[in-house]
Every structure is written in C-alpha cells, then in structure tokens.
Amino acid sequence: MEGMVFLAAAIAVFTGVGAGISIGIAAGKASEAVARQPEAAGKIRTMLLLGCALAEATAIYGLAIALMILGNA
Amino acid sequence: MDDGIRVMWNIPFLDIPITNVVVMSWIAMAVIIAWAVISTRKMKLVPVGLQNTAEIVVEALTNFAEDIMGHAAKKFVPYLGTIALFLAISNTLGALFMSGLTGGLVAPTTRGLAIPAALAIMTILVVIGAGIQKKGVIGFIKSLFQPIFFLFPFNLLEFFIKPLSLSMRLYGNIFGAYILMEMIIHAVPVVLPSIACLYFDLFDGLLQAFVFVLLTSLYISEEVEDKEE
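For every chain, the first residue of its written sequence is number 1, and the numbers climb from 1 along that sequence. To read the labels, note that chains go from A and ligands from 1, taken in the order they are written. Since the coordinates come from a predicted model, pLDDT governs what is reported: local features require at least 70, and pairs of side-chain atoms require 80 or more to be given and counted, while whole-chain, interface and lining totals use all residues. Calculated side-chain values reflect all of the structure's heavy atoms, with hydrogen atoms and water omitted.

Comments concerning a nonpolar patch on the surface
Residues and elements named next belong to chain A.
Here is step 1 of the chain: A cluster of nonpolar side chains, Met1, Met4, Leu7, Ile11, Phe14, Val17, Ile21 and Ile25, forms an exposed patch at the surface whose accessible area comes to about 920 Å².
Here is step 2 of the chain: A run of DSSP states H or I qualifies as a helix once it reaches four residues; a run of E qualifies as a strand once it reaches two. Both are numbered from the N-terminal end. Among the elements of the structure, α1 (2-12) and α2 (15-36) are those that each provide at least two residues to the nonpolar patch.
Here is step 3 of the chain: For Met1, the location among the structural elements is in the segment before α1.
Here is step 4 of the chain: Given the relative accessible area of 84%, Met1 is considered exposed. Surface patches are defined over residues having more than 30% relative accessible area and no salt bridge, joining like charges when they lie within 9 Å and nonpolar side chains (Val, Leu, Ile, Met, Phe, Trp, Tyr) when within 5 Å. Accessible areas in this description were obtained via Shrake-Rupley with a 1.4 Å probe; residue shielding takes into account the shown protein chains only. The rule for a salt bridge is simple: a side-chain nitrogen of Lys or Arg has to be within 4 Å of a carboxyl oxygen of Asp or Glu. Exposed residues in this analysis have more than 50% of their type's maximum accessible area, buried residues have under 20%, and partly exposed residues fall in between, with area computed by a 1.4 Å probe over protein chains only.

Here is the structure:
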C-alpha cells in the first residue's frame, strides 16, 4: 500500500497539465499581439508575465499538495 | 525527503536553529547594505562610479512602479525596491555559487517557506495599510462589502489567499527548480547542469522576483486607485 502514496502525489502533480496549456495559449496570443502591434511590446510583456504567474499558480498548488502528501507519508 | 535545508548552528540556551537559508539571507542583506552605503557615500550632482549603478536601479524601479500605480507610486517605491533587490540577489546567489554542486549548502533564501511567507505577510500588511490610509478605517471596512454585501466573506478570504499564493508561488518555483537540478545532476553530471543552472537558478530566480514585485504593486494599486463614482 505504500506505493499508493507516491501515486497520489503523482496525481496531484497533474495540475501541471492545465498550467502548461494555459501558459502556451497566453504566450501564443502574446506573440500574435506583438506581431500586430510591435510598439505595445512592453505592456504586452507585463500582461503576459502576470497571466503566466496566475496560470502557474495551479501547478504550484499541485506541487504543494504533492509535497504535503509525501511529507505525511 | 531532503528539502535542502541544513541547520548550521543552534543558538545556545534558546535552542533556535540557524539554517543555511538564514545565513544566505544575511549574505544577501550584507551585499545590498554594502552596495547602498558605498554607492551613496559621496554623492555628486554628476554621478561617478558606483553612484551610477544606484541611480539606474532607483530610476528603473520608480518607472516600473509609476507605470502600474500612477501618482500613488512614490510612497511605495522604497518598499517595492527593497523586496525587488532582496529577492533578485538572494534568488541568484545560489547560481553564483553553483548551488547544485555544493551539496545544497549554498541555497537561495527562498528555498525554505519561511522567508517567502514573511515577505508575503509583509506585503498583505502593506496592502491593508495602504487601503486604510486611502479610505480611512470605516471606508476600508465599507469597501469589504462592495459591490454587494454578501460578498463580504469572499473579500475577507482574499486577504488570506493573496499571501498564501504569493508565498507558495515563490517557494514552489524555487523549490521545484532545486529538485529538478538535483535530478539533472544525478542523471547527467557533466555539461548539462551548468546550462540548466543558468535557466533554473538565474533566469527563473529573476523572473520570480519580478513576478512577486509585480503582483505586490498590483495588489497595492487595487487599494489606492481612484474610483470614478
């Protein structure tokens, strides 16, 4: 049964899928925006970083939960 | 599991452990203080030497804060700048000393949850303080009931979620990078670690410092912005 703990931690890290997809979409849209309006690159970069930071949060929560699961094992 | 935190020394009688992370934060503080004192010792109207670097940094931070917060920025630049410098230096100190190769003794200060948590709590206190200063105590409490009164629990909850996600983001990124570096070093001990170290320790450290400061300034500007009503 001890293996189940590791399995649980691995499932928790699946939150990374959502973060990966969303950061990919954000970066793609940002490069489209810069291609359309190169003069707004600075503002777009700030927005992109902010969006990535928020999207990344889900992955980080997954990591934190995985660490908690492993820590209690 | 090995979390890369080593106890260097125990304060006798009180039994307070001093970990390598705390020592690294002292080093980061010493670097910043020494730089600040030396570069501003004999200030001239036309800057020479180190005074140039100080002016560049202060100007960049002021511009960054004014972009986001507008006129209210002036008051918060010192706080934002302190956090930015501390995080930027302490996150990248690990890369300078090849943190992966010293057995984890030299670590970014954010590898433990303690320092990110302290910074995040400071940030939320500044946010609440800014809100109270802007709207007054009663106005601030009233703003918790905006836009509809039954959103009050969610508005209140936000003051706990914001610091939690701030600190977990910083800690999780740096800690995740550390674990990945350990794996890379075990799998491919030559060439690859030095390249990966550039990305994980240097780039990711600076990026996370920037993201932390960006989110802090956004939270503050949310509180102090003028609403046209």
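Looking at the nonpolar core
Here is step 1 of the chain: Side-chain atoms within 4.5 Å link the members of a nonpolar core, which is a set of buried Ala, Val, Leu, Ile, Met, Phe, Trp, Tyr and Cys residues. Counting residues in hydrophobic clusters, the biggest one holds 37 residues, and the most contacted among them are B:Met69, B:Ile83, B:Leu87, B:Leu119, B:Phe212 and B:Ile220.
Here is step 2 of the chain: Going through the elements one at a time, α3 (41-72) of chain A together with α1 (20-39), α2 (50-69), α3 (73-96), α4 (114-144), α5 (152-187) and α6 (192-224) of chain B are the ones with two or more residues in this core.
Here is step 3 of the chain: In terms of residues, this core owes the most to one element, α3(B), which gives eleven residues.
Here is step 4 of the chain: In this analysis, two residues are considered to be in contact whenever any of their non-hydrogen atoms come within 4.5 Å of each other. If we ignore the near neighbours within four places in the chain, the residues touching B:Leu87 are B:Thr110, B:Leu119, B:Leu170, B:Ala209 and B:Phe212.

Observations regarding the packing of aromatic side chains
Residue and element names in this part refer to chain B.
Here is step 1 of the chain: Classification of ring pairs uses Phe, Tyr and Trp, with its six-membered ring standing for Trp, and accepts pairs whose centres are within 6.5 Å; under 30 degrees between planes counts as stacked, over 60 as edge-to-face, and the remaining range as tilted. Summed over the entire model, instances satisfying the criterion amount to four aromatic pairs over all chains.
Here is step 2 of the chain: Ring centres 5.5 Å apart and planes at 55° place the aromatic pair Phe64 and Phe210 in the tilted group. With a gap of 146 residues between them, Phe64 in helix α2 and Phe210 in helix α6 connect regions that are remote in the sequence.
Here is step 3 of the chain: Taking the relative accessible area as the measure of exposure, Phe210 reaches 29% and is therefore partly exposed.
Here is step 4 of the chain: Measuring from centroid to centroid gives 6.0 Å for Phe140 and Phe159, while their planes differ by 45°, and the two rings are tilted. Taken as a pair, Phe140 in helix α4 and Phe159 in helix α5 lie far apart in primary sequence, 19 residues in all. Each member of the pair, Phe140 as well as Phe159, carries the same accessibility label: buried.
Here is step 5 of the chain: For a ring to carry a charge above it, either NZ of a lysine or CZ of an arginine must fall within 6 Å of the ring centroid while also lying within 35 degrees of the normal to the ring plane. Over the ring of Tyr219 we find Lys162; its NZ or CZ atom is 4.6 Å from the centre of that ring.

Thoughts on the layout of surface pockets
Here is step 1 of the chain: A cavity here means a set of 1 Å grid points, computed over protein atoms only, where a 1.4 Å probe fits but cannot escape. A pocket is an open set with protein on both sides within 12 Å along at least 5 of 7 lines, and lining residues have an atom within 4 Å of a point. Grid points are joined across faces, edges and corners, and a volume is the space filled by probe spheres set on the points. Considered as a void within the structure, the largest pocket measures approximately 730 Å³ in volume.
Here is step 2 of the chain: What lines the largest pocket is a set of 33 residues, and nearest its centre among them are A:Ile60, A:Leu63, B:Gly172, B:Gly176 and B:Leu180.
Here is step 3 of the chain: Of all the secondary-structure elements, those providing two or more residues to the lining of the largest pocket are α1, α2 and α3 of chain A together with α5 and α6 of chain B.
Here is step 4 of the chain: In terms of residue count, the dominant contributor to the lining of the largest pocket is α3(A) (eleven residues).
Here is step 5 of the chain: Here the lining of the largest pocket is composed, by residue class, of 24 nonpolar, seven polar and two charged. Each residue receives one of three labels: charged for Asp, Glu, Lys and Arg, nonpolar for Ala, Val, Leu, Ile, Met, Phe, Trp, Tyr, Cys and Pro, and polar for the others, Gly being one of them.

Details of the interface of chain B and chain A
Here is step 1 of the chain: At the junction of the two partners, chain B supplies 16 residues and chain A supplies 13 residues.
Here is step 2 of the chain: A buried area of about 1200 Å², summed over both sides, lies between chain B and chain A, and 81% of it is on carbon and sulfur atoms.
Here is step 3 of the chain: Run the count over chain B and chain A and you get zero salt bridges.
Here is step 4 of the chain: In protein, a polar contact means a hydrogen-donor-capable atom and an acceptor-capable atom, both N or O and within 3.5 Å, with residues adjacent in sequence counting only if both atoms are side-chain atoms; elsewhere, any N or O pair within 3.5 Å suffices. Along the contact surface separating chain B from chain A lie two residue pairs in polar contact (both at pLDDT 80 or more).
Here is step 5 of the chain: Elements with a contribution of two residues or more to the side of chain B that touches chain A: α5 and α6 of chain B.
Here is step 6 of the chain: Of the residues forming the side of chain B that touches chain A, the biggest block, eight residues, is contributed by α5(B). Defined in terms of a 1.4 Å probe, buried area is the accessible area two parts forfeit on being brought together, summed over both.

Description of empty space enclosed by the protein
Residues and elements named next belong to chain B.
Here is step 1 of the chain: Tallied over the entire structure, the rule returns three cavities of 30 Å³ or more.
Here is step 2 of the chain: Of the voids in this model, the largest cavity is the one considered here, and its volume is about 40 Å³.
Here is step 3 of the chain: Taken together, Asn91, Pro108, Arg111, Ile174, Ala177, Tyr178, Phe200 and Asp201 make up the lining of the largest cavity.
Here is step 4 of the chain: Residue assignment for the lining of the largest cavity shows that the elements contributing at least two residues are α5 and α6.
Here is step 5 of the chain: In terms of residue count, the dominant contributor to the lining of the largest cavity is α5 (three residues).
Here is step 6 of the chain: Here the lining of the largest cavity is built from residues that sort into five nonpolar, one polar and two charged.

Nothing here speaks to function; it is all geometry.
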